[in-house]
Amino acid sequence: MRCFSLKPNYLCIAFMSKPSFDDIYMELAMNLARKSHCVKMKVGAVLTKDTRIVSLGYNGPPSGTNNCDEEWPETGCPRDSKGGCSLALHAEQNAILYAAKNRVTLEDATLYLTLSPCLPCARMIFSSGIKRVLFLNSYAMYKGIGIDEGTNFLRKFGVEVIQYTPNDIVENSIV
């Protein structure tokens, strides 16, 4: 156990073993999800290439529009004709769009998501050249539908898709 003086407290961190990059980036995606303004579901995304972060994202309305949790705190944003959010971009859309805006190529990149992609996002993931997707929770289970269309689409066209399970246990505590 290592302890660092943070007067007046000490921060003690116990590592069972070194975390993998998958563990680190999925934990970051989980923390990014906390930034979401969505009142229905909070989702985070991390895009990496050669073990380096190239873009981040979380679900919510485009910058400069209304934040759902502030404008409609009880119900969330108005629904579109299919029952989806009328304002929100998905976390992976935000991450991919930010990379494109900054001219970052995503060929052979890895995407970490707290929720597996819907079918429209899966098409965007495939088209952007991402070759590996790790997700924490199932979109189909969240939506109450029978199959994860997005992950099936990606697998059909050669993208490696893995449901993430933590390998290492990391404990943080202030003593």
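See the structure above.
Predicted model only: the values in this text are computed from it and were never measured.

1. Side note on the packing of helix H3 (residues 91-101) against helix H4 (residues 119-128)
Contact geometry of H3 with H4 gives a least axis separation of 10 Å together with a crossing angle of 30 degrees. As judged from the angle between their axes, H3 and H4 are roughly parallel. Judged by the sense of rotation from one axis to the other, the crossing of H3 with H4 is left-handed. Contact residues: Glu92, Gln93 and Ile96 in H3; Cys121, Met124, Ile125 and Ser128 in H4. Taken together, the residues of the contact of H3 with H4 break down into four nonpolar, two polar and one charged.

2. Description of H3
Inspection of H3 places Ala91, Glu92, Gln93, Ala95, Ile96 and Ala99 among the buried residues, and these make up the whole buried set. Where H3 is buried, its residues touch strand E3 (44-49), strand E4 (52-58), strand E5 (110-115) and H4. Arg103 sits one or two residues past H3 and shows a positive phi near 55 degrees.

3. Overview of the nonpolar core
A general feature of soluble globular proteins is that nonpolar side chains tend to end up buried together. Ranked by internal contacts, the top residues of the largest apolar core, which has 23 residues, are Leu47, Leu106, Leu111, Ile125, Ile130, Val133 and Leu154. At the level of secondary structure, the elements contributing two or more residues to this core comprise E3, H3, E5, H4 and strand E6 (132-137). Here this core gets four residues from one element, more than from any other, and that element is H3. Those residues in contact with Leu47 that lie beyond four places of it in its chain are Arg52, Ile53, Val54, Ser55, Ala95, Ile96, Leu106, Ala109, Thr110, Leu111 and Ile130. In this structure, Tyr25, Leu32, Leu134 and Tyr164 belong to the second largest nonpolar core, which totals eight residues.

4. Some details on the packing of H4 against helix H6 (residues 149-156)
Between H4 and H6, the shortest axis-to-axis distance is 7 Å and the interhelical angle comes to 25 degrees. Judged by the angle between their axes, H4 and H6 are roughly parallel. By crossing handedness, the relation of H4 to H6 is classed as right-handed. Facing Leu119, Ala122, Arg123, Ile125 and Phe126 of H4, the residues of H6 in contact are Glu149, Gly150, Phe153 and Leu154. Residue composition of the contact of H4 with H6, grouped by class: six nonpolar, one polar and two charged.

Definitions and limits used
- Residues numbered from 1 in each chain as written.
- Predicted model: local features only at pLDDT ≥ 70, side-chain atom pairs only at ≥ 80, totals over all residues.
- Heavy atoms only, no water.
- Axes fitted to C-alpha atoms, helices over the stretch in contact; angles between N-to-C directions.
- Helix = DSSP H or I, 4+ residues; strand = E, 2+ residues; numbered from the N terminus.
- Parallel < 35°, antiparallel > 145°, perpendicular 65-115°, else oblique.
- Left-handed = near helix turned anticlockwise from the far one by under 90°.
- Contact = heavy atoms within 4.5 Å.
- Nonpolar A, V, L, I, M, F, W, Y, C, P; charged D, E, K, R; others polar.
- Buried < 20%, exposed > 50% of the residue type's maximum accessible area, 1.4 Å probe, protein only.
- Core = buried A, V, L, I, M, F, W, Y, C linked by side-chain atoms within 4.5 Å.

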